[in-house]
Amino acid sequence: MTRLWMQEPVAGLRDEAIAEKGERRRKVTPGAAVLTAAQLMRKLKSVAAGDGVGEQWGMRRKKNRDRFAAFPQWMRSNEGRGLGRMDAEAQRLLSSRAATRSDRSNRSPRSKDSDSSAASNSKGVKDPLKMIWRRGFTRLVLVSAILWILLILFALLFHLWSCHSSIIFLSGLIVSPIVRYLFFLYKFVKGWRCQFIAALCKKDSKVLVMLDTMGLTPQPQHRCPIPLADEPDTIVIPEITPDTIPKTLSYIMEDEGGNNSEKSQPLFGGHQSWLQRENSFKLNTTTKVHCGFIKNGGAEMDAVDVQYAQKCKFVVASGIFDGYDTPHQPSNLSVRSKKLFCFLMVVDEVSLDFIKQNVTVREGSDGGKWVGIWRLVTLHHPPYDEPRRNGKVPKILTHRLFPHARYSIWIDGKMELIVDPLLMLERYLWRGKHTFAIACHKHHKSIYEEADAIKRRKRYARPLIDLHMKIYRYEGMEMWSLKKGTISDVPEGAVIIREHTTMTNLFSCLWFNEVNLFTPRDQLSFGYVVHRLEGAFKFFMFPNCEYNSLFILHRHMREHSSVIEWVKSLDEFKGNQSGLKETRGGLGLWTPYPGDLRSVELPSVKRTSPAG
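Please read these numbers as outputs of a predicted model, since none were measured by experiment. All residue numbers here refer to positions counted from 1 along the written sequence of the relevant chain. This being a predicted model, a pLDDT of at least 70 is required before a residue's local features are given, and a value of 80 or more before pairs of side-chain atoms are given or counted; all residues contribute to the totals for chains, interfaces and linings. No hydrogens and no water enter the side-chain calculation; it runs on all heavy atoms of the structure.

A.B. asks: Whenever I open this one, the overall build of the protein confuses me. Can you help?
C.D. replies: When helices and strands are counted, the protein shows 22 helices and 14 strands. The 612 residues of the protein split such that 40% are buried. In what follows, residue pairs with any heavy atoms lying within 4.5 Å of each other are defined as contacts. Of the contacts made within the protein by residues no fewer than 6 positions apart, 82% connect residues no fewer than 24 positions apart. Per-residue and other accessible areas were derived by the Shrake-Rupley procedure at a 1.4 Å probe size, with only the shown protein chains allowed to occlude residues. Summed over all atoms, the accessible surface of the protein reaches about 35400 Å², with 57% contributed by carbon and sulfur. The helix and strand labels rest on DSSP assignments: H or I over at least four residues marks a helix, E over at least two residues marks a strand, and numbering proceeds from the N terminus. In this scheme, a residue with accessible area under 20% of its type's maximum is buried, one over 50% is exposed, and one in between is partly exposed, where area comes from a 1.4 Å probe on protein chains only.

Below, the structure written as structure tokens:
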């Protein structure tokens, strides 16, 4: 009885352990059993490593030993054997685990890799270090590829921009190391790579067309805001600019005749000799030059129009010849400008009849003709055979048609002015103290580029354009460059803003003489006259985008076409085709030139834009 009574604590302990074990078995699911096995393996590892789990396991064993120590000696000896066997079994498992780990540590790296890969494949577990390394390497490759692509695109766009830009790089300028590096690569790489890059600058290349379609090529801005004054009523009109050189300007009014053997008919521009032309570019205090309006040379105005123009101090002038257009009424005019300015539309008799057929023409009290705000000024007996050349008379010689005007603004007949003219004078003349303002060309800076475009578009006889340019080349006219100190040699002549000083009047006369002597393409002669005056003529060339913001451009009601525009060689002017020659203009192209032009070679030009 005593033995059984003393065994009750042991039996009770066992029954409690068995009951607890059975309850755990009932609660454990198949998935949890696997998890418990995994936890058991981790516990065995932690026991061997001596971490927190192993310490918890050891505390349980110590607790059991303390319970067992409360029993009598004879019970402890019997039960101790069972506990000893349990401890021995646990020690055996731990020793075998430690032996296995030491055995693995002694294996070769190749066997380790094979075992780890096998274990990874079998259990689906990957090495985290390898995963991090692989991901890092992949990201490094992707970032490097993106950086190289961006560098290539940057170099490509930089090169395309340099093709369009007029700024000279890498010549005395401090540039960043990356630009120098790209320039070194550009100069270093030869063969097809350089040919490919050089082909990008060709304006008609497929690469540029593709990039232009994608919007990656720099485009000149078509319109931009004009920094105008706020109100026309607040503008203060300045005093007249004093004349310096020349102080006095007079004009040749009698035609001296070009042929001594027979008396020639007077010409509007006169028979100017090569010596007279050369002397006209020499500045003196008192100067007398050819400037059109030779007596009995044509282009006479009605007496009522002459009388009306005498009171005009501020003029907005335009012109229509050969019935191309009808007048377009200006808009955004202030009350002050309507009272201050005379709006004068110069027409020939053909255009006057055409305008009467298409719009309403009213007659004023003095007998003058009006279309809206425009006063029609008729020029009788057109001075030239070519209508384009007739249009240069009011355009360039505004100060001769309206000699009492202090200021004038010229706009082509196909344009509708949308800016108040008083604001234009303040912006382009008075603000910067200029006396002459004109816009720069959108595409061309050199007269040789403009001449090439004229020939491609068939705007005048190609051999005569070449002869005109050869004369300028022989006389020292170079391609445009920054060294000239001007923005461009080629203007947009559809808008001209002037104060009628002696210097601007002289420039207008010299400009017209070149148009009268050679081709009617006045854009070719503008830069030459500026060159011959050697910096004495100061003018303001404003941006082309502002020029396009001054007006609305309308199409011609009918297009002008002249037979001379299709001439390809000088032989076509001989024989039965001699009627193609102009009889009253461009005579310098048929007068023997005093220099030898046979050895003159025109500079090669590159097409600067698909539209140019």
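A.B. asks: What should I look at first to understand the pattern of salt bridges in this one?
C.D. replies: Two side chains bearing opposite charge may form a pair once their charged atoms approach each other closely. Salt-bridge detection follows one rule: a side-chain nitrogen of Lys or Arg within 4 Å of a carboxyl oxygen of Asp or Glu. Overall, the coordinates contain 16 salt bridges when judged by the stated rule. One salt bridge connects Arg-277 with Glu-514, and the closest N-O pair in it is separated by 2.9 Å. Of the two residues, Arg-277 is situated in helix 10 (residues 274-280) and Glu-514 in helix 20 (residues 502-517); the sequence distance between them amounts to 237 residues. Under the relative-accessibility criterion, Arg-277 is labelled buried at 2%. As a salt-bridge pair, Arg-375 and Asp-305 come within 3.1 Å of each other at their nearest N and O atoms. Of the two residues, Arg-375 is situated in strand 8 (residues 374-380) and Asp-305 in helix 11 (residues 303-309); the sequence distance between them amounts to 70 residues.

A.B. asks: When you look at the state of the cysteines in this model, what are you seeing that I'm missing?
C.D. replies: One way to say it: the disulfide is the covalent bond shared by the sulfur atoms of two cysteines. A pair of sulfur atoms, both from cysteines and within 2.5 Å, is called a disulfide here. With the rule as written, the count across this model stands at three disulfides. Through a disulfide, Cys-224 is tied to Cys-545; the S-S separation comes to 2.1 Å. Handedness here is read from the sign of the S-S torsion; for Cys-224 and Cys-545, about 70 degrees, the answer is right-handed. Here Cys-545 lies in helix 22 (residues 544-547) and Cys-224 lies in the loop between helix 9 (206-213) and strand 1 (248-251), a separation of 321 residues in the sequence. Between the sulfur of Cys-312 and that of Cys-342 lies a disulfide, 2.2 Å long from S to S.

A.B. asks: What is the right way to read the side chain of Thr-378 from this model?
C.D. replies: Examined against the element boundaries, Thr-378 turns out to sit in strand 8. You can call Thr-378 buried: its relative accessible area is 3%. Those residues in contact with Thr-378, other than ones at most four positions away along the chain, are Glu-300, Met-301, Asp-302, Asp-305, Val-347, Asp-348, Glu-349 and Leu-352.

A.B. asks: Where do I start with the side chain of Arg-400 in this structure?
C.D. replies: Looking at the element boundaries, Arg-400 is found in helix 16 (residues 398-401). Distance and chemistry together define a polar contact, namely a pair of N or O atoms within 3.5 Å, with one atom able to donate a hydrogen and the other to accept it when in protein, and with adjacent residues in sequence counting only for side-chain atoms on both sides. A distance of 3.3 Å separates a polar side-chain atom of Arg-400 from the backbone oxygen of Cys-291.

A.B. asks: Quick question: what am I supposed to make of the nonpolar core here?
C.D. replies: Across soluble globular proteins, nonpolar side chains have a tendency to be buried as a group. The term nonpolar core refers to a set of buried residues drawn from Ala, Val, Leu, Ile, Met, Phe, Trp, Tyr and Cys, joined through side-chain atoms within 4.5 Å. By size, the foremost hydrophobic cluster in this structure holds 74 residues, and its most contacted members are Phe-402, Phe-436, Tyr-472, Phe-507, Trp-511 and Phe-526. With nine residues, helix 20 is the largest single contributor of residues to this core. Residues contacting Phe-436, with those up to four places away along its chain left out, are Leu-429, Ile-496, Ile-497, Arg-498, Thr-504, Phe-507, Trp-511, Phe-526, Phe-537, Lys-538, Phe-539 and Phe-540. Grouped together as the second largest cluster of nonpolar side chains are 38 residues, Phe-314, Trp-374, Leu-429 and Leu-550 included.

A.B. asks: Help me out: how do you make sense of the pairing of strand 12 (residues 491-499) in this one?
C.D. replies: The side chains of a regular strand alternate between both faces of the sheet. The buried fraction of strand 12 amounts to nine of the nine residues, a majority that puts the element mostly inside the structure. Two strands pair under a simple rule: DSSP has to find at least two bridges between them. Summarising the sheet, strand 11 (residues 436-440) and strand 12 pair through five bridges and their orientation is antiparallel. Bridging from a neighbouring strand, Cys-440 pairs with Pro-491 of strand 12.

A.B. asks: Help me understand empty space enclosed by the protein, please; the structure alone is not making it clear to me.
C.D. replies: By rolling a water-sized probe across the atoms, one finds the places where empty space is left. Cavity means a closed set of points on a 1 Å grid over the protein atoms alone, one where a 1.4 Å probe fits but cannot get out, pocket means an open set with protein on both sides within 12 Å along at least 5 of 7 lines, and lining means a residue has an atom within 4 Å of a point. Grid points are joined across faces, edges and corners, and a volume is the space filled by probe spheres set on the points. Going through the model one piece at a time under the given rule, you end up with two cavities of 30 Å³ or more. Of the voids in this model, the second largest cavity is the one considered here, and its volume is about 30 Å³. Lining the second largest cavity, in full, are Tyr-460, Leu-464, Ile-564, Glu-582, Gly-585, Gly-586 and Trp-590. Any residue outside Ala, Val, Leu, Ile, Met, Phe, Trp, Tyr, Cys, Pro, Asp, Glu, Lys and Arg is labelled polar, Gly included; the first ten of those are nonpolar and the last four are charged. Residues of the lining of the second largest cavity, tallied by class, amount to four nonpolar, two polar and one charged.

A.B. asks: What exactly am I supposed to notice about the packing of aromatic side chains here?
C.D. replies: Aromatic rings considered in pairs are described by the distance between their centres and by the relative angle of their planes. Planes of paired rings set the category: under 30 degrees apart is stacked, over 60 is edge-to-face and the rest tilted, where pairs are Phe, Tyr or Trp rings (Trp by its six-membered ring) whose centres lie within 6.5 Å. A full pass over the atoms with the stated rule returns 29 aromatic pairs. Pairwise contacts between aromatic rings join Trp-274, Phe-281, Tyr-472, Tyr-474, Phe-518, Tyr-528 and Tyr-593 into one cluster. For a ring to carry a charge above it, either NZ of a lysine or CZ of an arginine must fall within 6 Å of the ring centroid while also lying within 35 degrees of the normal to the ring plane. Over the aromatic face of Tyr-251 sits the side chain of Arg-400, whose NZ or CZ is 4.2 Å from the ring centroid.

A.B. asks: Looking at this structure, I do not really get helix 19 (residues 462-474). What am I missing?
C.D. replies: Because the α-helix completes a turn every 3.6 residues, residues three or four places apart line up on one side. By this rule, a helix spans an expected 1.5 Å times one less than how many residues it contains. In a regular helix each residue adds 1.5 Å, so 13 residues correspond to 18 Å; helix 19 covers 18 Å between its end C-alpha atoms and thus fits that length. Of all the positions in helix 19, only Pro-463, Leu-464, Ile-465, His-468, Met-469, Ile-471 and Tyr-472 are classed as buried. On its buried side, helix 19 packs onto helix 10, helix 18 (447-457), helix 20 and helix 21 (522-532). Following helix 19 by one or two positions, Gly-476 adopts a phi angle in the positive range, close to 100 degrees.

A.B. asks: What am I meant to see in a nonpolar patch on the surface here?
C.D. replies: Candidate patch residues must exceed 30% relative accessible area and have no salt bridge, after which like charges are joined if within 9 Å and Val, Leu, Ile, Met, Phe, Trp or Tyr side chains if within 5 Å. A cluster of nonpolar side chains, namely Val-143, Ile-146, Leu-147, Ile-149, Leu-150 and Leu-153, defines an oily patch on the protein surface of about 570 Å² accessible area. Tracing the backbone through its elements, the reader meets Ile-149 in helix 6 (residues 128-164).

A.B. asks: What is the right way to read helix 21 from this model?
C.D. replies: Taking burial as the measure, the eleven residues of helix 21 include ten buried ones, the bulk of the element. Taken together, the buried positions of helix 21 are occupied by Asp-522, Gln-523, Leu-524, Ser-525, Phe-526, Gly-527, Tyr-528, Val-529, Val-530 and Arg-532. The positive-phi residue at the C-terminal boundary of helix 21 is Glu-534, with phi of around 55 degrees.

A.B. asks: So what exactly am I meant to see when it comes to the environment of Thr-583 here?
C.D. replies: One can find Thr-583 in the segment after strand 14 (551-553). Judged by relative accessible area, which is 54%, Thr-583 ranks as exposed. With 199 residues separating them along the chain, Thr-583 and Tyr-384 place their C-alpha atoms 7.9 Å apart. What Thr-583 contacts, discounting residues up to four positions off in sequence, is Leu-267 and Asp-385. Only 2.7 Å separates the side chain of Thr-583 from the side chain of Asp-385, close enough to count as a polar contact.

A.B. asks: Hey, could you run me through the environment of Asn-548 in this one?
C.D. replies: Topologically, Asn-548 is positioned in the loop between helix 22 and strand 14. On the basis of relative accessibility, which here comes to 8%, the residue Asn-548 falls in the buried class. Aside from chain neighbours lying at most four places away, what touches Asn-548 is His-222 and Arg-223.

A.B. asks: Got a minute to help me understand unusual backbone geometry in this structure?
C.D. replies: Most peptide bonds adopt trans geometry, and most residues besides glycine take a negative phi value. Put simply, Ile-245 and Pro-246 share a cis peptide bond, and its omega is -5 degrees. For Asn-296, which is not glycine, the phi torsion reads 65 degrees and is therefore positive. Among the structural elements, Asn-296 can be located in the loop between strand 2 (286-289) and strand 3 (300-301). Overall, the relative accessible area of 60% leaves Asn-296 in the exposed class. The phi dihedral of His-381 is positive, around 60 degrees, even though this residue is not glycine.

A.B. asks: For this particular structure, what's the right way to read the pairing of strand 2?
C.D. replies: Residues of strand 2 alternate between two faces, with Thr-287 and Val-289 buried on one and Thr-286 and Lys-288 left unburied on the opposite face. Taken together, the four bridges between strand 1 and strand 2 define a ladder with parallel strand orientation. Looking at strand 2, one finds that Leu-249 is bridged to Thr-287.

All quantities given are derived from atomic positions and should not be read as evidence of function.
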